[in-house]
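# Examining the three-dimensional arrangement
For reference, the chains in residue letters:
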Amino acid sequence: MLKRLELTNCRRLQALPVLPSSIECMNASNCTSLELISPQSVFKRFGGFLFGNCFKLRNCHSKMEHDVQSVASHAVPGTWRDTYAIWHPNVAIPFSTVFPGSEIPDWFRHHSQGHEINIEVPPDWYINSNFLGFALSAVMAPQHDSRAWCMYCDLDTHDLNSNSNSHRICSFFGSWTYQLQRTPIESDHVWLAYVPSFFSFSREKWSHIKFSFSSSGGCVVKSCGFCPVYIKGTSDEGDYSSGIAFDEPRRHAAKPSRISYQ
């Protein structure tokens, strides 16, 4: 029945083993010797998992595309849509993690300097209902005494055949980072989140998508990105296990993994 685990300042902790699946929030900030994290500890459930000032984890985000796949596979679409309907227009982000770093993960196709990213989407971007959700990321730079900060992300769209300005779909907020209230951030950190599909309207009419990131508590957004996540194929283990494709730039070579890249 354990829901929250505080490991802050365990400076001799080097590895995080598999943890109970009941945990919804874990704060391992200032665990300065931490080098290894079991994916089953973080990416098997929704919740918040914080690794503030765990500097030996600085390069861990490059391997997290498989881990986001695991998060997506545990989402229950009907439950999430109900939650979205209750919270709208200000919707809590169900999964996020924070760790040291100064770059958006390289498996994100869409990224931009600053706090906004606006892209044109093709008519079939949602791929016949195989769209699962969005991975979101932002690089946060501390200013002064940065602690107890929350993340915000506004989703705006522009419709085809419309002369009006962009339309605000909703505002996401990530409150798990508030657990860092006793942990001043000492350098740039990466915020990584996953938002399941919540669409119940005509998304095929969208021509552009814009995400705008901001934060409270003295942190500035240096860069940001998002990555659409899709079902891609099936396996004996289930529809999700063998095929969430991250929309990868064409210039990248194919990678030998169970996730297919487009």
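Residues numbered from 1 in each chain as written. Predicted model: local features only at pLDDT ≥ 70, side-chain atom pairs only at ≥ 80, totals over all residues. Heavy atoms only, no water.

Where an unreviewed UniProt entry is consulted, the chain appears under the name C-JID domain-containing protein, with the organism given as Vitis vinifera.

Bringing the overall build of the chain into the picture now. Counting secondary structure elements, the chain contains 3 helices and 16 strands. In the chain, buried positions account for 50% of the 262 residues. Look at the contacts in the chain between residues 6 or more apart in sequence, and 71% of them connect residues 24 or more apart. Put simply, the chain shows about 12,400 Å² of open surface, and 50% of that area lies on carbon and sulfur atoms. (Helix = DSSP H or I, 4+ residues; strand = E, 2+ residues; numbered from the N terminus. Buried < 20%, exposed > 50% of the residue type's maximum accessible area, 1.4 Å probe, protein only. Contact = heavy atoms within 4.5 Å. Areas by Shrake-Rupley, 256 points an atom, 1.4 Å probe, with all protein chains shown as cover.)

Glancing now at the nonpolar core. Counting 36 residues, the largest nonpolar core has L136, F172, W191, F198, F211 and F213 as the members making the most contacts within it. Looking at this core, the elements that each hand over two or more residues are α3 (77–87), β9 (116–120), β10 (131–142), β11 (151–159), β12 (167–174), β13 (189–196), β14 (206–215) and β15 (219–231). Among residues more than four places away in sequence, those in contact with F213 are H115, I117, L136, S137, A138, M151, Y152, C153, W191, V221, C224 and G225. Among the nonpolar cores identified, the runner-up in size contains 34 residues, and V42, L57, W107 and A135 belong to it. (Core = buried A, V, L, I, M, F, W, Y, C linked by side-chain atoms within 4.5 Å.)

A separate point is the sheet that holds β9. The mixed open sheet is built from 5 strands, whose spatial order is β6-β12-β11-β14-β9. Strand pairing shows two members of the sheet lacking a second neighbour, β6 (90–92) and β9, which therefore form its edges. Neighbouring strand axes in the sheet, compared pairwise and without regard to direction, differ in orientation by 20° on average. Here β11 runs beside β14; their pairing, made up of 9 bridges, is antiparallel. Residue D156 lies in a different strand from β14, and its bridge partner there is K210. (Pairing = 2+ DSSP bridges. Axes fitted to C-alpha atoms, helices over the stretch in contact; angles between N-to-C directions.)

If charged atoms from side chains of opposite charge come close, those side chains can pair. One pass over the structure, following the stated rule, counts 3 salt bridges. With a shortest N-O distance of 3.5 Å, K3 and E24 are connected by a salt bridge. Note that K3 is positioned in the segment before β1 (4–6) and E24 in the loop between β2 (15–16) and β3 (25–27), a separation of 21 residues in sequence. With relative accessibility at 38%, the residue E24 sits in the partly exposed group. Put simply, E6 and R4 hold a salt bridge, and the shortest N to O gap is 2.7 Å. (Salt bridge = Lys/Arg side-chain N within 4 Å of Asp/Glu carboxyl O.)

Moving on to the pairing of β13. Remark: a regular strand shows side chains that alternate across the two faces of the sheet. Counted residue by residue, β13 has 8 buried out of 8 residues, so it is predominantly covered. Residues of β13 alternate between two faces, with H189, W191, A193 and V195 on one and V190, L192, Y194 and P196 on the opposite face, all of them buried. Relative to β13, strand β7 (residues 95–100) is paired through 6 bridges, and the arrangement is antiparallel. Note on β13: the bridge partner recorded for V98 is W191. Sheet analysis places β10 next to β13, joined by 8 bridges and oriented antiparallel.

Quick look at the side chain of S223 now. Tracing the backbone through its elements, the reader meets S223 in strand β15. The buried category is assigned to S223, whose relative accessible area is 7%. Once you skip the residues sitting within four places of it in the chain, S223 turns out to touch I104, S112, Q113, G114, S137, A138 and V139.

Here β9 shows a clear split, with I117 and I119 buried on one side and none of E116, N118 and E120 buried on the other. One ladder, built from 5 bridges, connects β9 with β14; its direction is antiparallel. Residue pairing across strands places E116 opposite S212, the latter belonging to β14.

With respect to the secondary-structure elements, W176 resides in the loop between β12 and β13. Sequence separation of W176 and V98 is 78 residues, and the distance between their C-alpha atoms is 9.4 Å.

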